[in-house]
Structure formats: C-alpha cells, structure tokens
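Coordinate inspection notes
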Amino acid sequence: MKTQTNQLISPYGGKLVDLLAPAEELPDLKAQASELPTVRISERSVCDLELLATGAFSPLETFMGEEDYQRVLAEMRLKDGHLFPIPITLPVEPVPHIGLDQKITLCNAKNELLAVMTIEEIYEWDLGEAAECVFKSQDVRHPLVAEMHRWGKLYISGRLQILQLPKHYDFQDIRLTAEQTRRRLEELDCNNVVAFQTRNPLHRVHEELIKRATEESDGTLLLHPVVGMTKPGDVDHYTRVRTYRALAAHYYDPKRVLLALLPLAMRMAGPREAVWHALIRRNFGANHLIVGRDHASPGVDSTGKPFYGPYDAQELMEQFSEELGVDVVPFREFVYLPNEDRYEEVSKVKAGTQTASLSGTQVREQYLNAGKRIPEWFTRPEVADILSETHPPRHRQGVCIWFTGLSGAGKSTTAEVLIALLPEHGRQVTLLDGDVVRTHLSKGLGFSKEDRDTNIRRIGFVASEIVRHGGTVICAAVSPYRATRNEVRSLMPDHFVEVFVDTPLEVCEDRDTKGMYAKARRGEIQGFTGVDDPYEAPENPEIVLDTVDGQPEENASRIIDYLKEKDFLRAGS
C-alpha cells in the first residue's frame, strides 16, 4: 500500500470539523433523541447539516449564532475573523418547545432522526437586510429571496450531535465527504488540486478549459458537481452525473482526475457564492478553483437585468484568493476552429480565422428543444446521447399556464376555452382551479395570508410535478401575492407562463354572481382580495389579457399563439 503524504493544502481553520457522535455514544443518544421534541427541517437545512457535520464548512461548527450571522452579513466574516461569505442558519417558527437550553431532535421530511441540538441562541432576523447583504437585491425573481419569504421567523443555534447523515442511495461510490476526498487525492500523490464547480452538463469547451487549467498548474482535477439544491430548472443531477462519469472515463487521465459529488444547497449568490465555493473546496483539498462568467448567478431580475455582472464573481474571488489560499482560475472564452478541429482562446485567434461557438441557450433551443442532435465538435457523443435521452423536444416538455387576477376577472372562463383548444394541438391538459382545489387539496384552509400562501404553494407543487413529467397544467387561482407566485415560478422557471387577467375591480364586482364582493363590502367577509386585502399585480407577466373588450375565445387564441411561438406546441399543429 502506498504511503500517504500530507501534500494537500490544510483545511480552512487548520482542521476538518467532525460533528458525528462517537459510535459508543449512539445507542444512548438515539434513545434520548426519540423522547425529545422534534423539529422537521427543510431540504436546504438538511444539506447544510450534512456539510456542517462532515467539515465542508470548516471552521464553522453549527448553524450560526447571532454574532456570527450579523458579521457575515456585514463583513463576510465569522466573529473570530475567519472569512465566511454566506450565512448558514436554521430558521424555525416560534413554538413552545423552542427555548434556550432546550434539547431538540432535528429530522428530515421522512421523519428520520438526524441530530440532537442543544439550543443556545434564539434570535429574530430581517428578510430585507439578509437579501440586500447577501444577494444585493430583494427582487422575488431571485429564487432564494422568494424562498426566504416562507422561512421561519426565528433562527436558532447551538451544539450539534449528529446521529446519522442523510441517506443517499444513488452514486454511493462517488459521494465522498471532505475527509474521504482528501484521502483519495493524497493517493493520487498531487500537490496542486484544481476544483471545478459545476451544476450543468460539460461540453467540449469546458473540457478544454479544465484540461489546460490542470496542465498549467501541474495539478489534479477535482470534478466536483453540486448534487444538493441548484437553480430551479437546472438539468437533474442524475443526468449530469452520468455525463460527468462518461467524460471522466473516456477523456481524462484516470491518475489526474477525481469525480466526487457535493450535496450542497446553492444560494445563487453570485460573487459571495464564488468565495464560499472556494472555501468549501479548500476543505476538500483544492488550492485552485475555476470560476466562470456569471458564477452562481440566478439569471435576470424582474426587469430583465442580470442580478450580477459577468465578472463580479471572479473579481471578488481575486480579492480574497491569497487569504483563502485558493487561486482563482478564470473561465476564459474559447472558440472552436473547424479547419483545425480544436479549441482555442479567443484572445489567441488571428483575425479572419473561421470559428464556431454555441451558447447554452442555443444548445437548448436550437438542438435539444428542437429534437436535433448536438454537434460532435461541441459535445462528446456520449454526453449528447445522455442529454437526448433525458431532454425531449420542447413540444413534449411540460408547461404550466398560470392565470392570476381578481375574483370575477375571467380566469376560469378563459381557462375553459383553452382546455378545449389545447387537445387540438396534441396537448392533454390538467386543470387546477382555485375553487376546486380548495374543496379537495386545500380543504380546511382559511383565507389568512398564511393559508392563502399555503394553498398557492400546494397548487404550485402539484403543477410542477405535472410539468416535470411532461404534462400541461392550467392553474386558475386569484394568487394575490407576488412573492408567492414567483416562488411557484421558481419551481419550473422555463416552463411557467404567467397570464395576468387584468380586469378592473369595478367590473369584477359587477360580474359577482356569488355576491362575495357585496358581503365583503358589508363586512361579512374579512380579508377579501381587492376590498380589504391587497392584490399585487404581476410586474412582468408573459401575457396580459383584457376581458372587458376581449372575448374568452380571442384571449385563449392569444395564449395558443404564445405557446406556438415558444415551441410548446408544434408549428402548424
């Protein structure tokens, strides 16, 4: 057996944090945990808990207390001065068993007991402050800002004792903790490790960049894809990991590459996230990180403007590179030279040379969505095969048509016409009508803001599952709150068509066959949208309908035309 040499960069803070309870203590600890009050934590917090437990967030040892949290927001540092750009917090609702010195058990959605926490701090947090500091925006088109609207009002912190890590049944051989990854890298006998952060399939331009970066640093590649939570709408991790495995097996020196999966819940925080990714990769043994254009960007805001500049992440990473001990490798722009069958940096290509390139958008729209094979000069055949298997043409992908507007605006009437038209174009449709959903899926919910949000999230979840499996779903609900609608959009961002039925309040009241507005005016109904509770109109809906001068048939035809334009319906169908 080869003697291991400690050539890798040390973990940030000097050692890897290990929160796993000793084996000899587990029986008693599990027995105790089963008797404690239970707090079910979100998928995001489960990801954070796993990486806290195994040292990926070293030197952080628990969900942040208030002093750490406030300093991270203001200065990107922990209270002890260590750099840490992203708050790692545990949000909860104020319930009786959340109290200082109280022990609680943390469990996941399956009620599996994961950890015992001794609560040492409880503090309130401000959504606006957090969003501005971390994301530089309160725009609810940012998926994390939208998500934060449903987080608990309190953060808690305290000592953690990990009973078990979350169970993963897929790709177990490459789900490596920070310690396991470091051991594998040491076996490869490398001094320099170049980490590549990825949440997308790799094409030949990425392959070329990675190979050059590892060669220039005389290093080993840590191909380290995120398989926790990425940007809503990203290619699923099963498909991505299959493509990474194919590339690693056929196009890289097995002695110079390690493929390992990272169960990280991304924040899409752009520049701050790049620094965070570098810190995490140092804990896994990397001293170089490839940082691309628009690194960890959520895309564009409600006005169509990018949340971050294309090189903001690289620039911030450069500022802290020396302190972190992780060199930034900027993602350079490459083009394909057809006459030479190779890739080259744009800056090194002579004027007049024939070149070729494709953007990610072009790959999706011109090839995958159109059912055409991706060119071999752009993507390896093994990768193209996998993507074609899992990414059908656009007209076979799911789509959600979300009607929003005041009660009586004409949402259901237009939806009924649309339901009759879509099968003509080869689309079978599911209708999730607000009134019907309240009779079944949301029976028992009231009309408080919290209950209304819960109702819309339920509709959104069901709709997203239909879309994920290639179905067409029409949702017709008042859905009065902008943040909640955008939260639903984030579940299926490229497959969500928001239709604002823009009917004036006085017209809706005149149409009121149920007499609901009249009851609200008399005070018999409290919190009625448009009377004593606000309706927040969409800022940038895909379609705005006029039901005063426009007939339902005309409005439904407008939606059909839009779906054809976006290729959700076959041209000429």
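Treat the numbers as computed from the prediction; the structure is a model and nothing was measured. (Residues numbered from 1 in each chain as written. Predicted model: local features only at pLDDT ≥ 70, side-chain atom pairs only at ≥ 80, totals over all residues. Heavy atoms only, no water.)

Here's the deal with the sheet that holds strand β16 (residues 496-501)
Read from one edge to the other, the open sheet built from 5 strands follows the order β14-β15-β13-β16-β17, with strand pairing classed as parallel. The sheet terminates laterally at β14 (429-433) and β17 (543-545), the two strands that pair on one side only. This sheet shows a mean twist of 20° between the axes of neighbouring strands, independent of strand direction. Bridge count between β14 and strand β15 (residues 472-476): 5 bridges; the pairing is parallel. When the sheet's bridge partners are listed, Thr430 is paired in β15 with Val473. Against the sheet, helix α19 (residues 552-565) engages β13 (399-404), β16 and β17, with an angle of about 170° to β17. (Pairing = 2+ DSSP bridges. Helix = DSSP H or I, 4+ residues; strand = E, 2+ residues; numbered from the N terminus. Axes fitted to C-alpha atoms, helices over the stretch in contact; angles between N-to-C directions. Contact = heavy atoms within 4.5 Å.)

A few points about the nonpolar core
Core analysis: the biggest nonpolar cluster contains 86 residues, and Phe57, Phe84, Ile88 and Leu106 have the highest contact counts within it. Here this core takes 6 residues from helix α9 (residues 271-283), the largest share from any one element. Apart from residues lying up to four places away in sequence, Phe84 is in contact with Phe57, Leu60, Met64, Val72, Met76, Arg77, Leu78, Trp276 and Leu279. If you look at the next biggest cluster of nonpolar residues, it comprises 33 residues, including Ala213, Val227, Ile374 and Leu387. (Core = buried A, V, L, I, M, F, W, Y, C linked by side-chain atoms within 4.5 Å. Buried < 20%, exposed > 50% of the residue type's maximum accessible area, 1.4 Å probe, protein only.)

Observations concerning the packing of aromatic side chains
Summed over the entire model, instances satisfying the criterion amount to 15 aromatic pairs. Aromatic side chains Tyr336 and Trp377 sit 5.1 Å apart centroid to centroid with 15° between the ring planes, which places their arrangement in the stacked category. Placement of the pair is Tyr336 in strand β11 (residues 334-337) and Trp377 in the loop between α11 (360-368) and α12 (381-390), with a sequence separation of 41 residues. Linked through ring pairs, Tyr69, Tyr123, Trp125, Trp151 and Tyr155 together constitute an aromatic cluster. (Phe/Tyr/Trp six-rings, centres within 6.5 Å; stacked < 30°, edge-to-face > 60°.)

Here we look at the packing of helix α15 (residues 449-468) against helix α16 (residues 482-489)
At a minimum axis separation of 9 Å, α15 and α16 run at an interaxial angle of 20°. In terms of orientation, α15 and α16 fall into the roughly parallel class. The way α15 lies across α16 gives a crossing that is right-handed. Counting all contacts with α15, which are made through Asp453, Ile456, Arg457 and Gly460, the residues of α16 involved are Thr484, Glu487 and Val488. Split into classes, the residues belonging to the contact of α15 with α16 amount to 2 nonpolar, 2 polar and 3 charged. (Parallel < 35°, antiparallel > 145°, perpendicular 65-115°, else oblique. Left-handed = near helix turned anticlockwise from the far one by under 90°. Nonpolar A, V, L, I, M, F, W, Y, C, P; charged D, E, K, R; others polar.)

So, the packing of α9 against helix α10 (residues 312-324)
Helix packing for two helices is described by the angle between their axes and how far apart those axes are. Where α9 contacts α10, the two axes come as close as 8 Å, and the packing angle between them is 35°. Between α9 and α10 lies a crossing whose hand is right-handed. Side by side, α9 and α10 meet where Pro271, Arg272, Ala274, Val275, Ala278, Leu279 and Arg282 of the first sit next to Asp312, Ala313, Leu316, Met317, Phe320, Glu323 and Leu324 of the second. Partitioned by chemical class, the residues of the contact of α9 with α10 number 10 nonpolar, no polar and 4 charged.

Describing α15
Its 20 residues give α15 an end-to-end C-alpha distance of 28 Å, which sits within 8% of 28 Å, the value for a rise of 1.5 Å per residue. Among the residues of α15, Arg452, Asp453, Asn455, Ile456, Ile459, Gly460, Ala463, Ser464, Ile466 and Val467 are the ones counted as buried. Axial view of α15: buried residues confined to an arc of 165°, hence all on one face. Turned more than 90 degrees from where α15 packs its buried face, Glu450, Phe461 and Arg468 sit exposed. In this structure, the buried residues of α15 make contact with β13, β14, α14 (434-439), β15 and α16. Residue Gly470 follows α15 closely and has a positive phi angle near 85°. (Expected span 1.5 Å × (residues − 1). Arc of directions from axis to C-beta.)

With respect to α11
Working note: α-helix, 3.6 residues per turn, so residues spaced by three or four point in the same direction. Those residues of α11 that fall on the buried side of the exposure criterion are Val363, Tyr367 and Leu368. The buried residues of α11 occupy an angular sector of 70° when the element is viewed end-on, so they sit on one face. Where α11 is buried, its residues contact α12.

Considerations on the confidence of the model for the protein chain
Here the protein chain averages 92 in pLDDT, and 99% of its residues register 70 or above. Note on residues 1-5: pLDDT is under 50 here. Beyond four places in sequence and across chains, it has 7 contacts. (pLDDT = per-residue confidence, 0-100.)

Re empty space enclosed by the protein
Taken as a whole and judged by the stated rule, the model has 4 cavities of 30 Å³ or more. Size it by volume and the largest cavity reaches roughly 110 Å³. If you go around the largest cavity, the residues you meet are Tyr69, Ile86, Pro87, Thr89, Ala130, Val134, Phe135, Leu144, Met148, Trp151, Tyr155 and Arg267. Residue assignment for the lining of the largest cavity shows that the elements contributing at least two residues are α4 (127-135) and α5 (143-148). Per element, the largest residue contribution to the lining of the largest cavity is 3 residues, and it comes from α4. Among the residues making up the lining of the largest cavity, the classes are represented as 10 nonpolar, 1 polar and 1 charged. (1 Å grid on protein atoms, 1.4 Å probe; cavity = no way out; pocket = protein on both sides within 12 Å on 5 of 7 lines; lining within 4 Å. Points joined across faces, edges and corners; volume = space filled by probe spheres on them.)

Notes on the pattern of salt bridges
Close approach of charged atoms allows side chains with opposite charge to pair. In total, this model carries 31 salt bridges according to the counting rule given. Between Arg342 and Glu344 there is a salt bridge; the shortest N-O distance is 2.9 Å. When salt bridges with common partners are traced through the structure, they connect Glu208, Arg212, Glu340, Arg342 and Glu344 into a single cluster. (Salt bridge = Lys/Arg side-chain N within 4 Å of Asp/Glu carboxyl O.)

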